[in-house]
Amino acid sequence: MNDKAAIRVGILMGSESDWPTVQHTALTLDELGVGNEARVLSAHRSPDAAGEYAQTAAERGLQVIICAAGGAAHLAGVISAHTHLPVLGIPMKGWSTDGLDALLSTAQMPAGIPVGTLAIGKAGAKNAALLAVAIMSLSDPELRDRYLAFRKAQTERVLATELPPAGTA
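Counting of residues starts from 1 at the beginning of each chain's written sequence and follows it residue by residue. Restriction of local features to residues with pLDDT of at least 70 applies here, the model being predicted, together with a cutoff of 80 or more for giving and counting side-chain atom pairs; totals for whole chains, interfaces and linings are based on all residues. As a rule here, side-chain values cover all heavy atoms of the structure and leave hydrogens and water aside.

Undergrad: Describe the packing of aromatic side chains, listing the residues and the values that go with them.
TA: What counts as a ring pair is set by centres within 6.5 Å for rings of Phe, Tyr and Trp (its six-membered ring), and what kind of pair is set by the plane angle: stacked under 30 degrees, edge-to-face over 60, tilted for all other angles. One pass over the full model with this rule turns up zero aromatic pairs. Here the basic side chain of arginine 60 rests over the ring of tyrosine 53, its NZ or CZ set 4.5 Å away from the ring centre. Here, a charge over a ring means that NZ of Lys or CZ of Arg falls within 6 Å of the ring centre while also lying within 35 degrees of the ring normal.

Below is the structure:
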């Protein structure tokens, strides 16, 4: 949880074992000064608590909810079914198909219950935070400035990259 700002983004994961990957969502939000909270809630093992979290999210000041889950990956869909807030899904690598099952479960939502689906794993965790910031920056000029500065710095790092001579790597 980021104490520097009001909590604006909820980060949910289906299992504590997802945290090593999902922490990159929180770290990216922290870097951009966006208050966030992270919790373990399961669509299957704690469905009532997951539903209550989603139903009360807007009144608690949340603006976006990010959900990470592997396997059947129903967390983002369950959360989306209980809130009008944007829900972003991070498919997690699983035990059987290296995350393809979670990707398909997260992406293949029925019409009317949207979930924005990101990449599997760490890239998805970082991009979920950045997409949440992009969404919130539409109505927050200060956040937009921080987000644009982040993007500019990222571009400058790429352009400053110097490769070693061929054959030395």
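Undergrad: Describe the layout of surface pockets, naming the residues involved and giving the relevant values.
TA: In this analysis, the protein atoms alone were mapped onto a 1 Å grid. Cavities are point sets where a 1.4 Å probe fits without being able to get out; pockets are open sets with protein on both sides within 12 Å along at least five of seven lines; lining residues have an atom within 4 Å of a point. Grid points are joined across faces, edges and corners, and a volume is the space filled by probe spheres set on the points. As a volume, the largest pocket reaches approximately 240 Å³. Along the walls of the largest pocket sit 20 residues, with Gly14, Ser15, Arg45, Ala69 and Gly70 positioned nearest its centre. Among the residues forming the lining of the largest pocket, the class breakdown is eight nonpolar, nine polar and three charged. Each residue gets one label: Ala, Val, Leu, Ile, Met, Phe, Trp, Tyr, Cys and Pro are nonpolar, Asp, Glu, Lys and Arg are charged, and the others, such as Gly, are polar.

Undergrad: Describe the sheet that holds strand 1 (residues 7–13), with residues and values.
TA: Paired strands, in this sense, are two strands between which DSSP finds at least two bridges. Helix numbering and strand numbering both begin at the N terminus, where a helix is a DSSP run of H or I of at least 4 residues and a strand a DSSP run of E of at least 2. Across the sheet, five strands lie side by side as 2-1-3-4-5; this open sheet has parallel pairing. The sheet terminates laterally at strand 2 (35–40) and strand 5 (116–117), the two strands that pair on one side only. With six bridges joining them, strand 1 and strand 2 adopt parallel strand pairing. Note that in strand 2 the partner of isoleucine 11 across the bridge is alanine 38. Contacts are assigned to residue pairs that have any heavy atoms within 4.5 Å of one another. Fitted lines through C-alpha atoms serve as axes, helices being fitted only where they are in contact, and the angles separating the N-to-C directions of these axes extend from 0 to 180 degrees. Lying on the sheet, helix 1 (residues 19–31) is in contact with strand 1, strand 2, strand 3 (64–69) and strand 4 (87–91); it crosses strand 1 at an angle near 170°.

Undergrad: How would you explain the side chain of serine 80 if you had to name every residue and give the values?
TA: As for its position among the elements, serine 80 is in helix 3 (residues 75–81). For the exposure calls, accessible area comes from a 1.4 Å probe over protein chains only, and a residue counts as buried if that area is under 20% of its type's maximum, exposed if over 50%, partly exposed in between. We classify serine 80 as buried; its relative accessible area is 7%. Residues adjacent in sequence count toward polar contacts only when both atoms are side-chain atoms; beyond that, a polar contact is any pair of N or O atoms within 3.5 Å, and within protein one must be able to donate a hydrogen and the other to accept it. A polar contact is formed between the side chain of serine 80 and the backbone oxygen of proline 114, at a distance of 2.7 Å. What serine 80 contacts, discounting residues up to four positions off in sequence, is Val87, Ile113, Pro114 and Val115.

Undergrad: Could you give an account of the pattern of salt bridges, with specific residues and numbers?
TA: Salt bridges are defined as contacts in which a side-chain nitrogen from Lys or Arg sits within 4 Å of a carboxyl oxygen from Asp or Glu. One pass over the full model with this rule turns up three salt bridges. Note that aspartate 140 and arginine 8 form a salt bridge whose closest N and O atoms lie 3.0 Å from each other. Highlighted residues: aspartate 140 in the loop between helix 5 (122–136) and helix 6 (141–159) and arginine 8 in strand 1, separated in sequence by 132 residues. For the pair formed by aspartate 140 and arginine 8, the shared burial category is buried. A salt bridge links arginine 60 to glutamate 37, with the nearest nitrogen and oxygen atoms 3.2 Å apart. One end of the pair, arginine 60, is in the loop between helix 2 (47–57) and strand 3; the other, glutamate 37, is in strand 2, with 23 residues separating them in the sequence. The partly exposed category is assigned to arginine 60, whose relative accessible area is 36%.

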